[in-house]
Every structure is written in C-alpha cells, then in structure tokens.
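Descriptive structure summary
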Amino acid sequence: MATPTRMVVMGRVAAPFGVKGAVKVESFGAERGSLCKFPRWWVGKAGKLRETAVAECREHGTHLIVRFEGCHDRDEASAYRGAEVALRREDLPEPAEHEFYQADVIGLVVVNAKGERLGKVAGFFGNGAHEVMRVEHERGERLLPVAGDVIQRIDLDKGTVVVEWGAEW
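Cut-off values and rules
- Residues numbered from 1 in each chain as written.
- Predicted model: local features only at pLDDT ≥ 70, side-chain atom pairs only at ≥ 80, totals over all residues.
- Heavy atoms only, no water.
- Helix = DSSP H or I, 4+ residues; strand = E, 2+ residues; numbered from the N terminus.
- Contact = heavy atoms within 4.5 Å.
- Disulfide = S-S within 2.5 Å.
- Buried < 20%, exposed > 50% of the residue type's maximum accessible area, 1.4 Å probe, protein only.
- Pairing = 2+ DSSP bridges.
- Axes fitted to C-alpha atoms, helices over the stretch in contact; angles between N-to-C directions.

**Describing the overall build of the chain**
- What the chain contains, in helices and strands, is two helices and twelve strands.
- Once the C-alpha set of the chain is aligned to its principal axes, its extents read approximately 55 × 30 × 30 Å.
- Look at the contacts in the chain between residues 6 or more apart in sequence, and 50% of them connect residues 24 or more apart.

**Remarks on the state of the cysteines**
- Under the criterion given, the structure shown has one disulfide.
- The residue that forms a disulfide with Cys36 is Cys57, at a sulfur-sulfur distance of 2.0 Å. Between Cys36 and Cys57, the S-S torsion sits near -60 degrees, and that sign places the bridge as left-handed. Here Cys36 is found in the loop between strand S2 (22-27) and strand S3 (40-45), whereas its partner Cys57 is found in strand S4 (residues 48-60), with 21 residues between them in sequence.
- Residue classification places Cys36 among the partly exposed positions, given a relative accessible area of 25%.

**Here we look at the sheet that holds strand S6 (residues 84-88)**
- The six strands are arranged S1-S2-S5-S4-S3-S6 in a closed barrel whose pairing can be described as antiparallel. Strand-to-strand, the axes of this sheet are offset by a mean angle of 45 degrees, without reference to chain direction.
- As judged from the six bridges shared by strand S1 (residues 7-17) and S2, these two strands associate in the antiparallel manner. Bridge pairing in S2 links Ala15 to Lys24.

So this is what it looks like as structure tokens:
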C-alpha cells in the first residue's frame, strides 16, 4: 500500500523493551494513550513510512509499550529504534475550536501584526519549556516560541499565521 501524502507524526520509537519484541514509544501528544486506539500505524524513517499493524499497546510510565505484528524478539524490535510513528491526517479526529494539528500549520505564511511577511512555517520542536515554531525565510530561519501571546491567530483558510514578532528580531 502506498504512503498517504498527509501524515502526522505522533511519536518516536525510543528503544526495544524486554525480550519478546516490544518497543518503548515516546508519544508526542498530550493524551499519550490515545495512540493505542489506532490498530495500524505508519512506522519508519522520515519519508519512508510503511503501514504496520499494532499487536499490543499499553501505557507504561511516560511511554507506550508496543509490539508490532511480526515482531517477536529483541533483535527484531531493535530495528525500529529511532523510527517515527505517524497516523494519516484523515484518520485523526478534528481538533477543537482554536486548536490545530502542527501538520496543518506547516507551510503556512507567517506575518506579523504590521503585515510584514516573516517566512513560512517549516516545523516545530520542543525545547523543554515549550514548543518552538521554525519559520524559514530568504535569509535563514527564525525560531518563535509557541507560548504567551506570540501566536495571535492561525487562519487555515487564508493560509496565514499572524504573530507578535518583529521583522528584524
């Protein structure tokens, strides 16, 4: 089966767990256990995801313990180390009002309150304190905190993110 075009990375395989083919998965979502509700995940390196059936999934501390179908020992589980765990965007529930999936924001044009174009959203990452939005522009990259009042408005229909941020910052 071909990889769908709209994937949302939901986590990452951290390491094998035990000797029976399970792996420890770091879930990126606030509701870590909700990932276990999906019987099929897309797993692999960025750009090379393949559909994978989930045989077992449960919460364990801050991680999920998962065994994929066909994975029966620690050596097979080790092959998944570092792999992304993704779901098809169309399989996810619609976000609540004023909430967005990061995947829906990537590629939007970022402008400040003065209407100055700052670039396009290239991605997000966590820095321990909060999420950071990467904005690529002609001269490089800006890193904007996804905290406080920095992000003023996201308009998916217009394809814009309005931020409280100076063009020369």
